[in-house]
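# Descriptive structure summary
Now for the letters of each chain:
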Amino acid sequence: MFLSNPPPENPVLQGETLSKGSLAHVAVLGLGYVGLPIARAASGAGLRVTGIDPSPNARARADDRAISVQPRAPAGDAPDVWIIAVPTPLDSRGRPDLSAVQSALATVATGLRPGALVLLISTCQPGATRALCAPALTSSGLRIGQDVFLAASPERENPGQSGFGLTDTPRLVGALDADSLARAVRFWERLGVPTVAVASAEIAECAKLLENTYRLVNIALMGELQPAFAAFGVSTRAVVEAAATKPFGFAPFWPGLGAGGHCIPVDPAYLQREACGVGEPSSLIAAALRANRGRPGRVVARLKESLGGSVAGRRIMVAGVTYKADVADLRGAAAVTLLRQLKRRGACVAWHDPVLGEVPVALAGIPRATMFDRHPDGELEALVLGTPHSAYALSELGDAAPLVVDPFGLLPTREGTRRVVHA
Ligand SMILES: NC(=O)c1ccc[n+]([C@@H]2O[C@H](COP(=O)([O-])OP(=O)(O)OC[C@H]3O[C@@H](n4cnc5c(N)ncnc54)[C@H](O)[C@@H]3O)[C@@H](O)[C@H]2O)c1
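All values derive from a computational prediction rather than experimental measurement.

Another aspect to go through is the layout of surface pockets. In this structure, the second largest pocket spans a volume of roughly 1,100 Å³. Looking at the second largest pocket, it is lined by 37 residues, and the ones nearest its centre are N158, R215, I219, I264 and K324. Elements with a contribution of two residues or more to the lining of the second largest pocket: α7 (201-232) and α11 (334-344). Per-element tally for the lining of the second largest pocket: the top contributor is α7, with five residues. Residue composition of the lining of the second largest pocket, by class: 17 nonpolar, 13 polar and seven charged.

For T387, the location among the structural elements is in the loop between β11 (382-385) and α12 (394-398). Of the residues examined, T387 reaches a relative accessible area of 2% and is grouped as buried. Engagement of the side chain of T387 in a polar contact is seen with the backbone oxygen of T322, the distance being 2.7 Å. If sequence neighbours within four positions are ignored, T387 has contacts with A319, G320, V321, T322, K324, A325, A335, Y392 and F408.

Attention shifts here to the sheet that holds strand β13 (residues 419-422). With parallel pairing, the five strands of this open sheet are ordered in space as β10-β9-β11-β12-β13. At either end of the open sheet lies a strand with only one pairing partner, and these are β10 (348-352) and β13. Between one strand axis and the next, the sheet turns by 20 degrees as a mean value, whatever way the strands run. Pairing of strand β9 (residues 315-319) with β11, which is carried by four bridges, proceeds in the parallel orientation. Within β11, the position partnered with V318 by the bridge is V384.

Given 3.6 residues per turn, any residue in an α-helix points the same way as the ones three and four places further on. In this model, helix α10 (residues 283-306) (24 residues) spans 33 Å end to end at C-alpha, consistent with the 34 Å of a helix rising 1.5 Å per residue. For α10, the principal kink sits at R295 and spans about 40 degrees; a proline, P296, occurs within the next four residues. Of the positions making up α10, those classed as buried are I285, A288, L289, N292, R295, P296, V299, V300, L303 and S306. One or two residues past the end of α10 sits G308, with phi positive at roughly 90 degrees.

For I316, the position within the fold is in strand β9. For I316, a relative accessible area of 0% corresponds to the buried category. On a C-alpha basis, the gap between I316 and L339 in space is 9.4 Å, while along the polypeptide they are 23 residues apart. Not counting chain neighbours up to four residues away, the residues in contact with I316 comprise L303, L307, V311, L342, A347, C348, V349, A350, H375, L380, A382 and V384.

Attention now moves to the site of the ligand. Around the ligand, 27 residues are found, and the nearest of them are V34, D53, T88, S103 and H262. Separating a nitrogen atom of the ligand from a backbone N or O atom of G30 is a distance of 3.3 Å. Here an oxygen atom of the ligand and a backbone polar atom of V34 are 2.9 Å apart. Ranked by residues supplied to the shell around the ligand, first place goes to helix α4 (residues 99-111) with three residues.

For helix α6 (residues 178-190), spanning 13 residues, the distance from its first C-alpha to its last is 18 Å, which sits close to the expected 18 Å at 1.5 Å a residue. Of the positions making up α6, those classed as buried are A178, S180, L181, A182, R183, A184, V185, F187 and W188. For α6, the capping residue at the N-terminal end is D177, with a side-chain oxygen 3.2 Å from the backbone nitrogen of D179. Where α6 terminates, the next one or two residues include G192, which has phi positive at roughly 80 degrees.

Moving on, we get to the domain arrangement of the protein chain. When cut into domains, the protein chain gives domain 1 (11-199) and domain 2 (295-422). If you look at the interface, domain 1 gives four residues, while domain 2 gives six residues. Roughly 350 Å² of surface becomes buried between domain 1 and domain 2 when both sides are summed, with 44% attributable to carbon and sulfur atoms. Among the residues of domain 1 in contact with domain 2, Y33, P159 and G160 are the three that bury the most area, contributing 89% of the side total. Connecting domain 1 to domain 2 are zero salt bridges. Across the contact surface, domain 1 and domain 2 share two residue pairs in polar contact (both at pLDDT 80 or more). Looking at the side of domain 1 that touches domain 2 residue by residue, the class counts come to two nonpolar, two polar and no charged.

Before going further, it helps to examine the sheet that holds strand β4 (residues 81-84). Strands sit in the order β3-β2-β1-β4-β5-β6-β7-β8 across an open sheet of eight strands; the sheet is mixed. Of all strands in the sheet, those bounded by a partner on one side alone are β3 (67-70) and β8 (195-197). Put simply, the sheet's adjacent strands are angled 25 degrees from each other on average, direction ignored. In this structure, strand β5 (residues 117-120) lies alongside strand β6 (residues 149-152), joined through four bridges in parallel fashion. Bridged to L119 within β6 is A151.

Reading the values: the criteria
All chains use their own residue numbering, which begins from 1 and follows the written sequence. The predicted origin of the model limits local features to residues at a pLDDT of at least 70 and limits the giving and counting of side-chain atom pairs to 80 or more, whereas totals for whole chains, interfaces and linings rest on all residues. Computation of side-chain values covers all heavy atoms of the structure but excludes hydrogens and water. Cavities and pockets are defined on a 1 Å grid built over the protein atoms alone: a cavity is a set of grid points where a 1.4 Å probe fits but cannot escape, while a pocket is an open set with protein on both sides within 12 Å along at least five of seven lines, and lining residues are those with an atom within 4 Å of any such point. Grid points are joined across faces, edges and corners, and a volume is the space filled by probe spheres set on the points. Here a helix means four or more residues in a row that DSSP labels H or I, a strand means two or more in a row labelled E, and each is numbered from the N terminus. Basically, the charged four are Asp, Glu, Lys and Arg, the nonpolar ten are Ala, Val, Leu, Ile, Met, Phe, Trp, Tyr, Cys and Pro, and anything else, Gly included, counts as polar. Think of it in three bands: residues with accessible area under 20% of the maximum for their type are buried, residues over 50% are exposed, and the middle band is partly exposed, with areas taken using a 1.4 Å probe on protein chains only. Pairing of N or O atoms within 3.5 Å defines a polar contact, subject to two protein rules: one partner must be a possible hydrogen donor and the other a possible acceptor, and residues neighboring in sequence count only if both atoms are side-chain atoms. Whether two residues touch is decided by their heavy atoms; if any such pair falls within 4.5 Å, the residues are in contact. Whether two strands pair depends on DSSP finding at least two bridges between them. Every axis in this analysis is a line fitted to C-alpha atoms, fitted for helices over the stretch in contact. Angles between the N-to-C directions lie between 0 and 180 degrees. Working rule for helices: expected span equals 1.5 Å times residues minus one. Throughout, the bend at a residue refers to the angle made by two axes, fitted to the seven residues ending there and to the seven starting there. Throughout, the term near means that a residue has one or more heavy atoms lying within 4 Å of the molecule or strand in question. Just so you know, the domain bounds were taken from an automatic or database domain assignment. A 1.4 Å probe defines the accessible area here, and the buried area is the portion of it lost by two parts on being joined, summed over both. We define a salt bridge as a contact between a side-chain nitrogen of Lys or Arg and a carboxyl oxygen of Asp or Glu at a distance within 4 Å.

Structure follows, in structure tokens:
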């Protein structure tokens, strides 16, 4: 598929050049949420796959007969395709941390042979393919688009959402030259992944960041409107459902405790940093990042007010702690922030989660409950819905404590001895 702004040359017309590029051996750097499914798909497509990951846990998860896993690049067995799917988090000061990408590029550069294709899958800032990847790969004198090939092809997966896997979601592909673009498109086609070729690597990079910035801004907006609508005595979800009947110009977003995970609260910071770098910061992105970070604090404030002005010493349960429903991942989880804030304010807090296996380090020192309506220290006084896992029966949650605080607006509000408030 091509967009209105087509790539410089149609890659489909370049079959002859392409036939020279082998795809037989694929190296995937980073065997996490993103890299492992790509490695498995490449193996399923009949390609030989080497998975490279410094983490023994990641290697153990990936280790089967389909993929050969190792901590370093394969010596003397140069791959035809290199996939970079390493983390791109924020550092402790909220700035983009590209150290894993830099280290992966150094690995690729040492094993890169003429004819190889490198795909940057990790979410990076605009210009990363051109300014970060290309120089790292050409330091030995290889030329991009002639000797070796490079394209940006960011991941768009949405964990936990079925129907949007590797082969269901069109893959953006943007490159610095037509040959690289053609080879990248051919690689994805071999895996059965539909592609959208765009005119430059920067368009692919910016599109990825725009997608998640759009989501963050709208999620932050719903997080701010939920308490306002609640104060009007109106259900936010009913409002969104009503607005969503408009057949154009409105995409529904739902209230919650705040966006977590490794993408939605992170990617806009990558875009903002580059926008600041060119003297064009977005006040809206800044506000959305701030509102998202502040969302658990607003819920704590509502809980405090509902408990008569203090949470200190009160037995409070947070039901569901992962960053999204039915996904066993705590990275950036707003419920963890909420738990820590409650603990800091002296609450006698506990958590329950039907999805998490072992107690994660992030929650060490905060007791886990075996049932969401049984506090380990005595009678439950308040419950906050932290993550609405599908294992929870909403009607039961509403009856779990004298006060139930629902940042998602899923439970009907109620007054009386079993109060339910939207926060
Ligand atoms: N998980 C998602 O749903 C998702 C969606 C879209 C985009 N992304 C992006 O995809 C990229 C990867 O994310 P993820 O969720 O798979 O991360 P992850 O943390 O699950 O996995 C990354 C893996 O890379 C490994 N790694 C770190 N440095 C390495 C190196 N130098 N060489 C080889 N391996 C290395 C880590 O040990 C880890 O196993 C990130 O840029 C992320 O923003 C993720």
